Amino acid sequence: MTDPPPQAPGRVDREIPSSLNQLYQEVILDHYRKPRHKGRLDDATHAITMNNPLCGDIIELMLRVEEGRIADARFLGRGCSISQAAVSMLTGRVLGKSLEEARELSARFTRLLHGERAMLADDDLGDLRTLAGVSKFPVRIKCALLGWNCLEELADGTNSGSDSG
């Protein structure tokens, strides 16, 4: 038996287990058809609007931060199923977290989408791991990260009012 050929530098193995692929499709469709936390947040302390001009996705992320923790998170937007499902999942995952904890979650999620297989075992990512299948489609990674890019901008403190990105 011969050893497999060495992996080319910079190449990422994007093979995702088939059971995860099926779950990925189901989760995306569920969040796209029945988005969580979608709607205006009138008492938001942080808000930003960003778009992906390549595909037309637009997301407005609104947070209410109280005593250093995200007390509420809502979004408005339109776009592909991946962008809308990912931001729907984001809003549920950041509730109760500090902005720093939310930023750390975003960094781990980004690593997952860029094909870092170790992130598949990261229990803190929870059901976000079902989006690992996006890593097989590099052009779709920006769609999945749009809401998370909004979150990072807000967590960095660069935007505390509505803005266009």
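Refer to the structure above for everything that follows.
Residues numbered from 1 in each chain as written. Predicted model: local features only at pLDDT ≥ 70, side-chain atom pairs only at ≥ 80, totals over all residues. Heavy atoms only, no water.

### Section: the pattern of salt bridges
Within this structure, the stated rule accounts for 14 salt bridges. In this structure, Glu-66 and Arg-64 form a salt bridge, with 2.8 Å as the shortest nitrogen-oxygen distance. The partly exposed category is assigned to Glu-66, whose relative accessible area is 41%. Judged by its relative accessible area of 18%, Arg-64 is buried. Here Arg-69 and Glu-101 are joined by a salt bridge, their closest N and O atoms 2.5 Å apart. Linking Arg-69 in strand β3 (residues 69-78) with Glu-101 in helix α3 (residues 99-113), this pair joins segments that are 32 residues apart in sequence. Overall, the relative accessible area of 39% leaves Arg-69 in the partly exposed class. When salt bridges with common partners are traced through the structure, they connect Asp-43, Arg-64, Glu-66, Asp-72 and Arg-74 into a single cluster. (Salt bridge = Lys/Arg side-chain N within 4 Å of Asp/Glu carboxyl O. Buried < 20%, exposed > 50% of the residue type's maximum accessible area, 1.4 Å probe, protein only. Helix = DSSP H or I, 4+ residues; strand = E, 2+ residues; numbered from the N terminus.)

### Notes on the pairing of strand β1 (residues 46-52)
The buried count for β1 comes to five of seven residues, which makes it a mostly enclosed element. With seven bridges joining them, β1 and strand β2 (residues 57-66) adopt antiparallel strand pairing. Paired with Ile-48 across the two strands is Leu-61, which belongs to β2. Counting the residues in the hairpin turn of β1 and β2 gives four residues, including Gly-56, whose phi is positive at 90°. (Pairing = 2+ DSSP bridges.)

Honestly, that's just the spatial picture; any functional story needs more than this.
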